[in-house]
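Spelled out, the chains give:
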There are 2 protein chains.
Amino acid sequence: MSLLISGSVAIDNIKTPSDMQEGLLGGSASYAALAASLFCKPVHLAGVIGHDFPQAHLNLLTSRGIKLDSLEHSAGESFTWTGEYHEDMNSRTTHKVGINVLENWNPRLSAEAAQVKFVVLGNMSPDNQLQVLDQCQSAEFVAADTMDLWINIANERLHDVMKRLDLLVINDGEAREFAGTTNLVEAGRLLQKKGPRYVVVKRGEHGSYLFGDGVEEFFSCSAYPLESIFDPTGAGDSFLGGMVGWLAANSRAKPSFHDLKTAVAHGSVTASFTCEAFSTQRLENVSVAEVKRRLEELKDYTAFAM
Amino acid sequence: MSLLISGSVAIDNIKTPSDMQEGLLGGSASYAALAASLFCKPVHLAGVIGHDFPQAHLNLLTSRGIKLDSLEHSAGESFTWTGEYHEDMNSRTTHKVGINVLENWNPRLSAEAAQVKFVVLGNMSPDNQLQVLDQCQSAEFVAADTMDLWINIANERLHDVMKRLDLLVINDGEAREFAGTTNLVEAGRLLQKKGPRYVVVKRGEHGSYLFGDGVEEFFSCSAYPLESIFDPTGAGDSFLGGMVGWLAANSRAKPSFHDLKTAVAHGSVTASFTCEAFSTQRLENVSVAEVKRRLEELKDYTAFAM
């Protein structure tokens, strides 16, 4: 089924303990759209770029079946993020954020994009998320991510978003902050009360939790084990895109909890590839067969007899 | 098969955000022995207590099939731990440690205890662990835990212990420190190179990883989800005791990786009960049927279709 991914499209400059690269493709929508395009075509992308955005990045996106008819080209400079990972890949330092064209962006969807059934509101301001959602007249399944910044400075608007979601995907630290409890199981359940029927709490290297209806509908998905992480930027966005991309291609418009579990596993494994190279470089080249192979391994790594 | 649990036997004073209790049964060997006794009888316990140790705690242990013939009664004061958990149950503050009778303890096993096939070296000094191990002439499977203190002040002796282990069970922070890497998958593999064929990295609320031979032998066990944690003291010791207790009762003297996986799941679920009340109060009263029920749920919570 048709899918729209909205969010930021960025130019990233990333330093890791072993390397550094500039001018990389980044942003929540870029990662999510590439991940989704593994399973679902076409993927409509809504975002904004500036005059300095490399054509090569756009070519890459279109080559993967991503439609850029809702990607606005603005006269300003592109949104940029400059950051550094330390020896412990779980922590990073942001050196510079250039909001630039994102500042006054008013998302406008193409007629075709506005007709999609599956909508992903990637990490961006709740105002932008609502603007996108207001244009999606045929949406049947809406998923969103967010971050600590919006929890802090746009809490009320974020609650407006929450009421209109089928699925919230959020990382563990932000789930704790947003729900106001340190217990992740309790946090997931509390976040459901803010609106979304389904909540996924991403736990970084540990995997993710999926919460559905009642205590029975709980899924703990382990992360695919990686002995080394090259660049974790965009792993969470890849998770979201892979998850909803799989749903859009394989489930009914109102997916079941069973569908959601399989989607989480696909999102999790897709994200594992993202961590293996700078930016989207590994994600761009992964095949569905490689994803399936890791899923088989993950099943084996998590099964036990009684 | 016969089982020995060695380690500390303590009097604990614990404060949580909701309650406080003093004079509680504590110590690595107490938790591990109670957990093991769920699956295996008898369990021999090796430790040391002082003149002030409550008889009620000893009665409890013996009532659960735990043999105290290698528990030394010393004239000094018992080992005590006084600590506090904050709102975030993942962090705690130690207010006071009274080493007392542990200071000059030289473990002496009864003739019967010295004949066991399965040996657990609970968290205590590597010197004490080696003293116990030297007396176990018939040991066929040796498991140990440790902590940051010994990694820092007795690193060489700890390496001597490692060379004689079949299984190391260690928490995530200590695995990172001992292995010298922040990646837990890499840490597990590096710790295997120090001696033990099997390594379990306990990941607290997230579960545990089990490492066996080669990349194929990897198991990611999720924790049983708890919406509230009452007192996590001894959860790791309960994990170790439950795990090896199940192995001693259900596997051959040289358990397979398949056995280890099932044992990890049993240890994990056993530990979940420990967190539900002060000290050993929930662990004392749990039934094997309750453990099996949670194992069934955990299987359901972690399975997915492709």
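Residues numbered from 1 in each chain as written. Chains lettered and ligands numbered in written order. Predicted model: local features only at pLDDT ≥ 70, side-chain atom pairs only at ≥ 80, totals over all residues. Heavy atoms only, no water.

Visitor: Which parts of the structure should I look at to understand the overall build of chain A?
Guide: Per the secondary structure count, chain A includes 10 helices and 13 strands. Radius of gyration (C-alpha) of chain A: 18 Å, near the 19 Å computed for a compact globule of 306 residues. With respect to the three principal axes, the spread of C-alpha positions in chain A is 60 × 45 × 35 Å. Counting only residues that meet the buried cut, chain A has 61% of its 306 residues in that class. Within chain A, residue pairs in contact and separated by at least 24 positions form 64% of the contacts whose partners lie at least 6 positions apart. By element, 48% of the accessible surface of chain A is carried by carbon and sulfur atoms, the whole surface being about 11100 Å². Treating the 26 positive side-chain charges of chain A as one cloud and the 38 negative ones as another, the clouds have centres 6 Å apart. (Helix = DSSP H or I, 4+ residues; strand = E, 2+ residues; numbered from the N terminus. Rg over C-alpha atoms; globule rule 2.2 N^0.38 Å. Buried < 20%, exposed > 50% of the residue type's maximum accessible area, 1.4 Å probe, protein only. Contact = heavy atoms within 4.5 Å. Areas by Shrake-Rupley, 256 points an atom, 1.4 Å probe, with all protein chains shown as cover. Lys, Arg positive; Asp, Glu negative; His and termini not counted. Charge placed at Lys NZ, Arg CZ, Asp CG, Glu CD.)

Visitor: Could you clarify how one ought to interpret the relation of the copies chain B and chain A in this entry?
Guide: The relation between the two chain copies is a rotation about an axis coupled with a shift along that axis. Between the two copies, chain B and chain A, the superposition gives an RMSD of 0.0 Å; the rotation angle is 180° and the shift along the axis is 0.0 Å. Within this description, the copies of the chain are treated as partners about a two-fold rotation axis. Closest approach to the rotation axis within chain B is made by the C-alpha atom of His206(B), at a distance of 3.2 Å. (Least-squares fit on C-alpha atoms with pLDDT ≥ 70 in both.)

Visitor: Could you clarify how one ought to interpret the packing of helix 8 (residues 235-250) of chain A against helix 9 (residues 257-274) of chain A in this entry?
Guide: Helix-helix packing is described using two parameters, namely the angle between the two axes and the distance between the axes. All names here are of chain A. The interhelical angle for the contact between helix 8 and helix 9, taken along N-to-C directions, is 140°, at an axis separation of 7 Å. With respect to each other, helix 8 and helix 9 are oriented oblique. Handedness of the crossing formed by helix 8 with helix 9: right-handed. Contacts between helix 8 and helix 9 involve Ala235, Ser238, Phe239, Gly242, Met243, Trp246 and Leu247 from the first element and Asp259, Leu260, Thr262, Ala263, Val264, His266, Gly267, Ser268, Thr270, Ala271 and Thr274 from the second. Each residue belonging to the contact of helix 8 with helix 9 can be placed in one class, and the counts come to 9 nonpolar, 8 polar and 1 charged. (Axes fitted to C-alpha atoms, helices over the stretch in contact; angles between N-to-C directions. Parallel < 35°, antiparallel > 145°, perpendicular 65-115°, else oblique. Left-handed = near helix turned anticlockwise from the far one by under 90°. Nonpolar A, V, L, I, M, F, W, Y, C, P; charged D, E, K, R; others polar.)

Visitor: Hey, could you run me through the interface of chain B and chain A in this one?
Guide: Accessible area lost when the parts come together is the quantity often used to give the size of an interface. Residue-level contacts link 44 residues of chain B with 44 residues of chain A. Taken over both partners, the interface formed by chain B and chain A buries close to 3800 Å², and the fraction arising from carbon and sulfur atoms is 52%. Contact with chain A buries surface across chain B, with Glu227(B), Phe304(B) and Met306(B) losing the most and accounting together for 22% of the total. A salt bridge links Arg176(B) to Glu205(A), with the shortest nitrogen-to-oxygen separation between them at 2.7 Å. Here the side of chain B that touches chain A takes 8 residues from helix 10 (residues 288-302) of chain B, the largest share from any one element. (Buried area = accessible area lost by both parts, 1.4 Å probe. Salt bridge = Lys/Arg side-chain N within 4 Å of Asp/Glu carboxyl O.)

Visitor: I would appreciate a short explanation of the sheet that holds strand 6 (residues 79-85) of chain A in the present structure.
Guide: Residues and elements named next belong to chain A. The 4 strands lie next to each other as 3-2-6-7, forming an open sheet whose pairing is mixed. Where the open sheet ends on each side, the last strands, each with one partner, are strand 3 (20-26) and strand 7 (92-98). Strand-to-strand twist in this sheet, taken as the mean axis angle between neighbours without regard to direction, amounts to 20°. In the packing of helix 1 (residues 28-37) onto the sheet, the strands contacted are strand 2 (10-15) and strand 3, and the crossing angle to strand 3 comes to about 70°. (Pairing = 2+ DSSP bridges.)

Visitor: Teacher, can you tell me more about the sheet that holds strand 12 (residues 208-211) of chain A here?
Guide: Working definition: the strands of a sheet are paired by backbone hydrogen bonds and lie parallel or antiparallel to each other. All names here are of chain A. In spatial order, the strands read 5-4-1-8-9-10-11-12-13; together these 9 strands make up an open sheet with mixed pairing. The outermost strands of the open sheet, each flanked by one partner alone, are strand 5 (66-73) and strand 13 (218-221). When strand polarity is set aside, the average angle formed by the axes of neighbouring strands in this sheet is 15°. Its contacts with the sheet place helix 6 (residues 172-179) against strand 10 (167-171) and strand 11 (198-202), and it is angled at close to 110° to strand 10. Here helix 9 sits on the sheet and contacts strand 9 (141-144), strand 10, strand 11, strand 12 and strand 13; the angle it forms with strand 13, its principal contact strand, is near 15°.

Visitor: What's the story with the state of the cysteines in this structure? I'm lost.
Guide: Defined simply, a disulfide is a covalent bond joining two cysteines at their sulfur atoms. All names here are of chain A. Following the criterion strictly, the structure yields 0 disulfides over all chains and no others. We note that cysteine 40 lacks a disulfide partner, and the nearest cysteine sulfur, in cysteine 136, lies 14 Å from it. In this model cysteine 221 remains outside any disulfide bridge; the closest cysteine sulfur is found in cysteine 275, 14 Å from its own. Residue classification places cysteine 221 among the buried positions, given a relative accessible area of 1%. (Disulfide = S-S within 2.5 Å.)

Visitor: Help me understand the packing of helix 9 of chain A against helix 10 (residues 288-302) of chain A, please; the structure alone is not making it clear to me.
Guide: All names here are of chain A. The geometry of helix 9 relative to helix 10 is characterised by a closest axis approach of 9 Å and an angle of 115° between their N-to-C directions. The angle between helix 9 and helix 10 falls in the class roughly perpendicular. As helix 9 runs across helix 10, the sense of the crossing is right-handed. Across the interface between the two elements, Ala265, His266, Val269, Thr270, Ser272 and Phe273 from helix 9 touch Glu290, Val291, Lys292, Arg294, Leu295 and Leu298 from helix 10. For the contact of helix 9 with helix 10, the residue count by class is 6 nonpolar, 3 polar and 3 charged.

Visitor: Help me understand the layout of surface pockets in this model?
Guide: If a probe the size of a water molecule is rolled over the atoms, the empty space left behind becomes visible. Reported here for the second largest pocket is a volume of approximately 170 Å³. Put simply, the parts of the chain that give the lining of the second largest pocket at least two residues each are helix 7 (184-192) of chain A together with helix 10 of chain B. Residue classes in the lining of the second largest pocket are distributed as 7 nonpolar, no polar and 4 charged. (1 Å grid on protein atoms, 1.4 Å probe; cavity = no way out; pocket = protein on both sides within 12 Å on 5 of 7 lines; lining within 4 Å. Points joined across faces, edges and corners; volume = space filled by probe spheres on them.)

Visitor: Sorry, what's going on with the packing of aromatic side chains here?
Guide: Two aromatic rings, taken as a pair, are described by how far apart their centres are and by the angle between their planes. Scanning the model with the defined rule gives 16 aromatic pairs over all chains in all. Ring centres of Tyr209(A) and Phe211(A) lie 6.2 Å apart, and the angle between their planes is 75°; on these two criteria the pair is classed as edge-to-face. An identical accessibility class is assigned to Tyr209(A) and Phe211(A); each is buried. Measuring from centroid to centroid gives 5.2 Å for Tyr209(B) and Phe218(B), while their planes differ by 45°, and the two rings are tilted. By relative accessible area, Phe218(B) is classed as buried at 3%. (Phe/Tyr/Trp six-rings, centres within 6.5 Å; stacked < 30°, edge-to-face > 60°.)

Visitor: When you look at the pairing of strand 4 (residues 43-49) of chain A in this model, what are you seeing that I'm missing?
Guide: Within a regular strand, side chains alternate between the sheet's two faces. Residue and element names in this part refer to chain A. Counted residue by residue, strand 4 has 7 buried out of 7 residues, so it is predominantly covered. Neither face of strand 4 is left uncovered, since the one carrying Val43, Leu45, Gly47 and Ile49 and the one carrying His44, Ala46 and Val48 both have all their residues buried. Here 4 bridges tie strand 1 (residues 3-6) to strand 4, and the two strands are oriented parallel to one another. Residue pairing for strand 4: serine 6 is matched across the bridge by alanine 46. With 6 bridges joining them, strand 4 and strand 5 adopt parallel strand pairing. In the strand pairing of strand 5, glycine 47 is matched with leucine 71.

Visitor: Sorry, what's going on with helix 6 of chain A here?
Guide: Along an α-helix, residues three or four positions apart point the same way, because every turn accommodates 3.6 residues. Residues and elements named next belong to chain A. Listed in full, the buried residues belonging to helix 6 are Glu174, Ala175, Phe178 and Ala179. An end-on view of helix 6 places all buried positions within 120° of arc, on one side of the element. For helix 6, the elements touching its buried residues are helix 4 (148-153), helix 5 (155-162), strand 10, helix 7 and strand 11. Looking at where helix 6 begins, the residue whose side-chain oxygen comes 3.2 Å from the main-chain nitrogen of glycine 173 is asparagine 171. Positive backbone phi, approximately 75°, marks glycine 180, located one or two places after helix 6. (Arc of directions from axis to C-beta. Polar contact = N/O pair within 3.5 Å; in protein donor to acceptor, adjacent residues only side chain to side chain.)

Visitor: Where do I start with the pairing of strand 6 (residues 79-85) of chain B in this structure?
Guide: Residues and elements named next belong to chain B. Most of strand 6 sits out of view: 6 of its 7 residues are buried. Of the strand pairs in this sheet, strand 2 (residues 10-15) and strand 6 are connected by 6 bridges, and their pairing is parallel. Note that in strand 6 the partner of asparagine 13 across the bridge is threonine 82. Here strand 6 runs beside strand 7 (residues 92-98); their pairing, made up of 6 bridges, is antiparallel. Bridge assignment links threonine 80 to a residue of strand 7, and that residue is glycine 98. Hairpin connection, strand 6 to strand 7: the antiparallel pair is bridged by 6 residues.

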